[in-house]
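An overview of the molecular structure
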Amino acid sequence: MIGELQIPDVGDAVLGDDGVWTSDVTNLAVYLNGEYDPSRAEGLAAILPFGAGAIMDAARDLEGEFKLVEPIKPLLSLSANADWVQNWCNQYGGTTCKDGAGGSTAKDKKTAPPPGDGVHDPNVEHDRNNDGVTESARVGVHGMKVPDKIGKLPNLTKRERQVETSFRKAYEKNPDKMAGDYRVLVAQTTKPGEPRMYETDGAKNLADAWTHPDQSTRAENRATLNTPLHQVANAVAKRAFLHDLDSLKEGDEILVTVGGCGAGKGYALKNVPEALDIKGRCKLGWDSAGDQNATENPWIQREADKRGIKVNYVFVHTDPYKQWGDPDKGVLKRAADPKDGRMVDAKVFADSYAIGAKNHQAFYESHRNNPNASFTFIDNSTKPTKIDGIPKEALTIDRHELADFAASHAALTAPPHVVRGATMHARIWPKEKGRRR
Amino acid sequence: MTEAEWWEEDAKRVEELGKRAKQLRIIVPVNAGNSPPLDKNGALIDDDATAEHESAADTEADA
């Protein structure tokens, strides 16, 4: 390294011996003529610290070298060199320094998981039994298990660790009590005639940070503490669901909704008559968090088969690129809304579409002839419509590319607490495990 | 109803869940403290100050 460049308020760029500027803002998509081009990432990263406006100006000024793919996708291609960046710096007010500070969530101080039980840091592509369905998602608990002890996330900050530990200890002290509490909550908030739906996000309402009386604090908590609360909430919801499953009798039916994070599963279900018919027949349901990548399907089927219960899977497909940044209904928009606020990390989001679709497809192929399983597919890309199966494009999503896009789009457009929630993967999971899938 | 409207309704449903959880007295304190100040990147402005702040909050809670 021969120098550093500090960019006001946004982050640092570093000039390497090779004359190439790089930045700690690394999770940014690079598109060359509409194609994802990771080899150009360094060049793009060099100007990203200057902010979205500067990049857009550059795109206009250097038309030909740049190609703006479409407004919703942040960017493009660029070959940057030191002189070019220095000129850019002069124009937009950057200053050079040797000890430049500045930051991203990756720089936050980390805590090690407390000693004792295990750490939850799985290879999200691991399929030990080769059934085509991966075992564990980045967050939550093992797909096939309802554990008494909860694995801890790596690399949390002090505050996140406090929250994770408090919620975890409350669960581990008496898992059945906490699940029972949530079961009562579900029963008391279910409308007459509708199935009792269990969901991981719903169980987060057992944490005071999630239900903080001040709306603005609550929204910030939902954006920044969603990930550390998720493991216990997932375990609570699964345990409560399992308890309630015991209340059904042989021949009863249940509903399972599957799809990526923020795919609009509930909305789609409400607007497709076949899905509404299914819902009307069910007494109980599992509204799976996209975050789990459909890893829970085999667990649900196993538990249903034990009890002679039929499972109706409704998979909702949508375009994750649109669903993330849509100005009316997108994940980022809702996270920035104080009345909502829940923010999912960009890598968790990307896994939920890329791995989740593949997992559900493999599960469907294994169980399509199972008399105790039925499968319905809905396309929510535009108007919710019943379709025959998962669209091919959903099975070829590159999770790394999608995560890059999601993180960059958040960094360029969202308020700080939402950016924090979207990009904490850079600190929690700094090294990716497994092959590209 | 548009999807955006549906999400607004869903946010109200989640709020009701929280209110009912409070009525049922099943809420777990998770010691989150106040939201720490963040810079534009979503990074903590002062990690150490946050830690001290949280320690103070813990002490108050213990008292």
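Scroll up for the structure.
Residues numbered from 1 in each chain as written. Chains lettered and ligands numbered in written order. Predicted model: local features only at pLDDT ≥ 70, side-chain atom pairs only at ≥ 80, totals over all residues. Heavy atoms only, no water.

**Structural notes on the overall build of chain B**
The condition is simple: By the criteria applied, helices consist of DSSP H or I runs no shorter than four residues and strands consist of E runs no shorter than two, each listed in order from the N terminus. In this scheme, a residue with accessible area under 20% of its type's maximum is buried, one over 50% is exposed, and one in between is partly exposed, where area comes from a 1.4 Å probe on protein chains only. Areas reported as accessible are Shrake-Rupley estimates using a 1.4 Å probe. Residue values count occlusion only from the protein chains shown.
Of regular secondary structure, chain B possesses two helices and zero strands. Relative to its full complement of 63 residues, chain B shows a buried share of 37%. Carbon and sulfur atoms make up 49% of the accessible area of chain B, which totals about 3800 Å².

**Some points on the pattern of salt bridges**
Pairing between side chains becomes possible if they bear opposite charge and their charged atoms approach one another. All names here are of chain A. The following threshold applies: Think of a salt bridge as a Lys or Arg side-chain nitrogen and an Asp or Glu carboxyl oxygen that are within 4 Å of each other.
The final tally for this structure, using the stated rule, is 30 salt bridges over all chains. Of the charged contacts in the structure, one is a salt bridge between Lys-279 and Glu-194, with a shortest N-O distance of 3.8 Å. Pair noted here: Lys-279 is in helix H10 (residues 273-281) and Glu-194 is in the loop between helix H5 (175-189) and strand E7 (196-199), with a separation of 85 residues, a long-range link. A residue is classified by how much of its surface remains accessible, and Glu-194, at 38% relative accessible area, is partly exposed. The partner of Glu-303 in a salt bridge is Arg-307, and the shortest N-O contact between them spans 2.8 Å.

**Describing the packing of helix H11 (residues 297-307) of chain A against helix H14 (residues 346-367) of chain A**
Residues and elements named next belong to chain A. Under the convention used in this document: To obtain each axis, a line is fitted to C-alpha atoms, and for helices this fit is confined to the stretch in contact; angles are then taken between N-to-C directions over 0 to 180 degrees. Angles below 35 degrees are treated as roughly parallel, those above 145 as roughly antiparallel, those between 65 and 115 as roughly perpendicular, and all remaining angles as oblique. Contacts are assigned to residue pairs with any non-hydrogen atoms lying within 4.5 Å of each other. As a working rule, the residues Ala, Val, Leu, Ile, Met, Phe, Trp, Tyr, Cys and Pro are called nonpolar, Asp, Glu, Lys and Arg charged, and the rest polar, with Gly in that last group.
One can describe the packing of H11 onto H14 by two numbers: an axis separation of 10 Å at closest approach and a directional angle of 30°. The pairing of H11 with H14 is recorded here as roughly parallel in orientation. Residues Asn-297, Pro-298 and Gln-301 of H11 lie in contact with H14, whose contacting residues are His-360, Phe-363 and His-367. Of the residues contributing to the contact of H11 with H14, the split by class is two nonpolar, four polar and no charged.

**Some details on the packing of aromatic side chains**
Residues and elements named next belong to chain A. What counts, and what does not: By convention, a stacked pair of Phe, Tyr or Trp rings (six-membered ring in the case of Trp) has centres within 6.5 Å and planes under 30 degrees apart, an edge-to-face pair has planes over 60 apart, and any other such pair is tilted. Here, a charge over a ring means that NZ of Lys or CZ of Arg falls within 6 Å of the ring centre while also lying within 35 degrees of the ring normal.
Across all of its chains, the model carries 15 aromatic pairs over all chains by this definition. Ring plane angle 75° and centroid distance 5.8 Å describe the contact between Tyr-182 and Tyr-198, whose orientation is recorded as edge-to-face. Of this pair, Tyr-182 sits in helix H5 while Tyr-198 is found in strand E7, placing the two residues 16 residues apart along the sequence. Grouped by ring-pair contacts, the aromatic residues Tyr-313, Phe-315, Phe-363, Tyr-364, Phe-375 and Phe-377 constitute a single cluster. Arg-138 extends its terminal NZ or CZ atom over the ring of Trp-429, reaching a point 5.1 Å from the ring centre.

**Some details on the nonpolar core**
For clarity, the threshold we go by: Among buried residues, the Ala, Val, Leu, Ile, Met, Phe, Trp, Tyr and Cys ones that are joined through side-chain atoms within 4.5 Å form a nonpolar core.
Counting 58 residues, the largest nonpolar core has Phe-167, Tyr-182, Phe-241, Ile-254, Ile-300 and Tyr-313 of chain A together with Val-30 of chain B as its most contacted members. Apart from residues lying up to four places away in sequence, Phe-167 of chain A is in contact with Met-178, Ala-203, Leu-206, Ala-207, Leu-229, Val-232 and Ala-233 of chain A together with Val-28 and Val-30 of chain B. Counting 43 residues, the second-largest nonpolar core is a separate cluster that includes Val-316, Met-343, Val-344 and Met-424 of chain A.

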